Amino acid sequence: MEADFRLLGILRPADLAGRDPIALYHELCRVTGTRHDPCVADVFMAAVHFVETGEARRWWDFTPRRKQLL
């Protein structure tokens, strides 16, 4: 995931604040030219949530919301 974040220009956790995790997922797919597992979007959602709230949650807690959005 660290390499994926770097590909997206995210070099430190604070760079995730205010970012749209679903847009990050679509951008990663575009940049790499491949469709990534949708669970990557869940990880992005968990990371953005943590940076913005300080609450650590498991990535799979975000799966139902991602399924609504994708």
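Residues numbered from 1 in each chain as written. Predicted model: local features only at pLDDT ≥ 70, side-chain atom pairs only at ≥ 80, totals over all residues. Heavy atoms only, no water.

Trainee: An account of the environment of Phe 62 is needed here, citing residue identities and associated values.
Mentor: Locating Phe 62 in the fold gives a position in the loop between helix H3 (39-53) and helix H4 (63-69). For Phe 62, a relative accessible area of 8% gives the class buried. Distance in space between the C-alpha atoms of Phe 62 and Asp 37 is 14 Å, their sequence separation being 25 residues. Apart from the residues lying within four places of it in its own chain, the contact partners of Phe 62 are Asp 42, Met 45, Ala 46, His 49 and Arg 57. (Helix = DSSP H or I, 4+ residues; strand = E, 2+ residues; numbered from the N terminus. Buried < 20%, exposed > 50% of the residue type's maximum accessible area, 1.4 Å probe, protein only. Contact = heavy atoms within 4.5 Å.)

Trainee: Any details on the pattern of salt bridges? Residues and values, ideally.
Mentor: Considering all chains together, one arrives at six salt bridges under this definition. For Arg 6, the salt bridge goes to Glu 2, with nearest N and O atoms at 3.0 Å. With Arg 6 and Glu 2 both in helix H1 (residues 2-7) and four residues apart, the pair spans about one turn of that helix. As a salt-bridge pair, Arg 58 and Asp 61 come within 3.0 Å of each other at their nearest N and O atoms. Classification of Arg 58 as partly exposed rests on a relative accessible area of 47%. (Salt bridge = Lys/Arg side-chain N within 4 Å of Asp/Glu carboxyl O.)

The values reported here are purely geometric and, on their own, carry no functional implication.
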